[in-house]
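# What the coordinates show
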Amino acid sequence: MNLSEAKAEFVRAWGQFGTEWGINRTMARIHALLLASPAPLDTDRVMGELGVSRGHANTNLRGLVDWGVVRKVQRPGVRKDLYEAEKDMWEVARRVAERRRSRELDPILRAVSRLAVAEPGRGEDPGEARAFRRLMKDIGRVGKDAGRLLGLVTALDRGGFFGRLLRLGR
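Residues numbered from 1 in each chain as written. Predicted model: local features only at pLDDT ≥ 70, side-chain atom pairs only at ≥ 80, totals over all residues. Heavy atoms only, no water.

Summarising the element assignment, E91 is placed in helix α5 (residues 89–115). A distance of 2.8 Å separates a polar atom in the side chain of E91 from a polar atom in the side chain of R95. (Helix = DSSP H or I, 4+ residues; strand = E, 2+ residues; numbered from the N terminus. Polar contact = N/O pair within 3.5 Å; in protein donor to acceptor, adjacent residues only side chain to side chain.)

As structure tokens, then:
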């Protein structure tokens, strides 16, 4: 397999991987293309390499910038916006984890916190209300623990304690 074939296979596989994480395939493919590119790319190059429209390319590039895994760069003498991916995969994983926490975990924790004070209404079973409050509190505790664990993992740097711990498992 030559380098071009390997890059194309990587873009395809990363696109599929992204859909498993809930990211659209085009966004994941653009991310893969930028990861595999030694130099920043402009929107036209992304469109040409992946066969996507300008609007689709621009929307997904903005999304990747919002996630913090791609940055817009300027080069002297180049009028077009260029994009490059964060190449440190530990940093990419950390940013994705932080983003997912704020978009997915934090809202459910706020919701179960509000719901954990539900009282029985007229004609409702007090035992059922207690069970519901207990469930909301349990979900909240597990979610908070998961959030703290995620916070610890994202705060650790790869070369520190966590890196040494991972090397022990090899």
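With that settled, the discussion passes to the environment of V96. Along the chain, V96 turns up in helix α5. Assessed through its relative accessible area of 8%, V96 is described here as buried. Remark: the alpha-carbon pair of V96 and T154, spanning 58 residues in sequence, is separated by 9.7 Å. (Buried < 20%, exposed > 50% of the residue type's maximum accessible area, 1.4 Å probe, protein only.)

Glancing now at the nonpolar core. I30, L34, V46, L50, V69 and V70 are the most contacted members of the largest nonpolar core, which has 25 residues in total. Contributing elements (two or more residues each) for this core: α1 (3–20), α2 (25–36), α3 (43–50), α4 (54–67), β3 (82–85) and α5. By residue number, the principal contributor to this core is α2, which donates seven residues. Dropping the residues within four chain positions of it, L50 is found in contact with V11, R29, I30 and L33. (Core = buried A, V, L, I, M, F, W, Y, C linked by side-chain atoms within 4.5 Å. Contact = heavy atoms within 4.5 Å.)

Before going further, it helps to examine helix α6 (residues 126–155). The end-to-end C-alpha distance of α6, which contains 30 residues, comes to 43 Å, matching closely the 44 Å that a straight helix rising 1.5 Å per residue would cover. Restricting attention to buried positions, one finds in α6 the residues A129, R133, M136, G140, G143, G147 and T154. Check the buried side of α6 and you find it contacts α5. Backbone nitrogen of G127 and a side-chain oxygen of the N-cap are separated by 3.0 Å at the start of α6; the cap is D125. (Expected span 1.5 Å × (residues − 1).)

Now for the sheet that holds strand β1 (residues 41–42). Taking strand neighbours across the sheet as the criterion, the three strands line up as β1-β3-β2 in an open arrangement whose pairing is antiparallel. Two strands in the sheet have a free side with no partner beyond their single neighbour: β1 and β2 (70–73). Examined bridge by bridge, β1 and β3 share two bridges and lie antiparallel to one another. Note that in β3 the partner of L41 across the bridge is Y83. With respect to the sheet, α2 is in contact with β1, β2 and β3, its orientation differing from that of β3 by roughly 85°. In the packing of α4 onto the sheet, contacts are made with β2 and β3, and the angle to β2 comes to roughly 110°. (Pairing = 2+ DSSP bridges. Axes fitted to C-alpha atoms, helices over the stretch in contact; angles between N-to-C directions.)

What follows concerns the packing of α1 against α2. The interhelical angle for the contact between α1 and α2, taken along N-to-C directions, is 140°, at an axis separation of 7 Å. Between α1 and α2, the angle falls in the class oblique. As for how α1 packs across α2, the hand of that crossing is right-handed. Within the contact between the two elements, α1 uses K7, F10, V11, W14, G15, Q16, G18 and T19 and α2 uses R25, A28, R29, H31, A32, L33, L35 and A36. (Parallel < 35°, antiparallel > 145°, perpendicular 65-115°, else oblique. Left-handed = near helix turned anticlockwise from the far one by under 90°.)

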